[in-house]
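Report on the structure
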Amino acid sequence: MTAGAAVAGPDGALRCPWALSAPEYVAYHDEEWGRPVRGDDALYERLSLEAFQSGLSWITILRRRPGFRSAFAGFSIDAVAAFTDADRERLLADTGIIRNRAKVDATLSNARVLAAWAPGDLDALIWSHAPDPAGRAVPGTLADVPAVTPESTALSKALKKRGLRFVGPTTAYALMQACGLVDDHLRECVARAGGPGGA
């Protein structure tokens, strides 16, 4: 077996190896990761969760996602933008989320910035950085999947220029993967679009 290649799961289907490292990953991998996400609030949620993930494993975030959604008003940009200092203190005491002061502050600041944008602006900005799929090689193993691309670097710069925080090139690329701007499911993966089990 090639290192980093798709691996058969309990159901016999081939998946990206990371999808089998924890039970919660299978559904996330099969049903969400790499599928197009549209809408400002939905993208704000993913952007926020990717920022919270920085330095941690994604499973930590995935297991706490219900807590994050509860704590951050379902990631409604307008609702979070209206959070007060008391809400900030509540968040920093909430054991259902990652209580990192810098990440909490960035999530609140980002909501305030985004609340001033026209509806659809975040969606349009993020999706304008989606690369042409025809120009991308299909990854055969995990070693073929980059951590940063020219597009993610450009997206990071565009977001930072407009006042968003915790949006470095690596976080931007993780966002692009999670939200379907790129399809980094491996060639033999059941969830790859147009592949063995992809749509």
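Residues numbered from 1 in each chain as written. Predicted model: local features only at pLDDT ≥ 70, side-chain atom pairs only at ≥ 80, totals over all residues. Heavy atoms only, no water.

For the chain, an unreviewed UniProt entry supplies the name DNA-3-methyladenine glycosylase I and the organism Streptomyces tropicalis.

Here helix H1 (residues 23–31) crosses helix H3 (residues 58–71) at 85 degrees, and the two axes come no closer than 10 Å. Considering the angle they form, H1 stands roughly perpendicular to H3. For the pair H1 and H3, the contacting residues are Glu24, Tyr25 and Tyr28 in the first and Trp58, Ile59, Leu62, Arg63 and Arg65 in the second. Split into classes, the residues belonging to the contact of H1 with H3 amount to 5 nonpolar, no polar and 3 charged. (Axes fitted to C-alpha atoms, helices over the stretch in contact; angles between N-to-C directions. Helix = DSSP H or I, 4+ residues; strand = E, 2+ residues; numbered from the N terminus. Parallel < 35°, antiparallel > 145°, perpendicular 65-115°, else oblique. Contact = heavy atoms within 4.5 Å. Nonpolar A, V, L, I, M, F, W, Y, C, P; charged D, E, K, R; others polar.)

Relative to the assigned elements, Ser152 resides in helix H8 (residues 150–161). For Ser152, a relative accessible area of 0% corresponds to the buried category. Setting aside its immediate chain neighbours within four residues, Ser152 contacts Pro169, Ala172, Tyr173 and Met176. (Buried < 20%, exposed > 50% of the residue type's maximum accessible area, 1.4 Å probe, protein only.)

With respect to the element layout, Pro17 can be found in the loop between strand E2 (14–15) and H1. C-alpha separation for the pair Pro17 and Arg63, spaced 46 residues apart in sequence, amounts to 19 Å. The contact partners of Pro17, leaving out residues within four places of it in the chain, are Gly4, Ala5, Ala6, Val7, Leu142 and Leu186.

It is worth spelling out the side chain of Asp30 at this point. With respect to the element layout, Asp30 can be found in helix H1. Polar contacts involving the side chain of Asp30 include one to the side chain of His29, which spans 2.7 Å. Excluding anything up to four places from it in sequence, Asp30 contacts Arg15, Arg35, Val190 and Ala191. (Polar contact = N/O pair within 3.5 Å; in protein donor to acceptor, adjacent residues only side chain to side chain.)

So, about the packing of aromatic side chains. Here the structure, examined in full by the defined rule, presents 9 aromatic pairs. Between the aromatic rings of Phe52 and Phe72, the centroid separation amounts to 6.0 Å while the plane-to-plane angle is 55 degrees, which identifies the pairing as tilted. Here Phe52, found in helix H2 (residues 40–53), pairs with Phe72, found in the loop between H3 and helix H4 (77–81); they are 20 residues apart in sequence, far enough to count as distant. Both residues of the pair, Phe52 and Phe72, count as buried. (Phe/Tyr/Trp six-rings, centres within 6.5 Å; stacked < 30°, edge-to-face > 60°.)

By size, the foremost hydrophobic cluster in this structure holds 48 residues, and its most contacted members are Tyr44, Phe68, Phe72, Leu91, Leu122, Ile126 and Leu159. With near-sequence residues (within four places) excluded, Tyr44 lies in contact with Phe75, Ile77, Val80, Thr107, Asn110, Ala111, Leu114 and Leu122. (Core = buried A, V, L, I, M, F, W, Y, C linked by side-chain atoms within 4.5 Å.)

An α-helix turns once every 3.6 residues. As a result, residues three or four positions apart point the same way. Here H2 spans 20 Å end to end across 14 residues, near enough to the 20 Å set by a 1.5 Å rise per residue. The element H2 is extensively covered by neighbouring structure, given that 11 of its 14 residues are classed as buried. Every buried residue belonging to H2 is among Asp40, Leu43, Tyr44, Glu45, Arg46, Leu47, Ser48, Leu49, Glu50, Ala51 and Phe52, and all of these are buried. Of the residues flanking the end of H2, it is Gly55, one or two places downstream, whose phi is positive at about 85 degrees. (Expected span 1.5 Å × (residues − 1).)

Applying the stated rule across the entire model yields 13 salt bridges. Of the charged contacts in the structure, one is a salt bridge between Arg88 and Asp105, with a shortest N-O distance of 2.6 Å. Residue Arg88 is located in helix H5 (residues 85–92), and its partner Asp105 is located in helix H6 (residues 101–115); the two are separated by 17 residues in the primary sequence. For Asp183, the salt bridge is made with Arg192, and the minimal N-O distance between the two is 3.4 Å. You'll find Asp183 and Arg192 in the same group, each marked buried. (Salt bridge = Lys/Arg side-chain N within 4 Å of Asp/Glu carboxyl O.)

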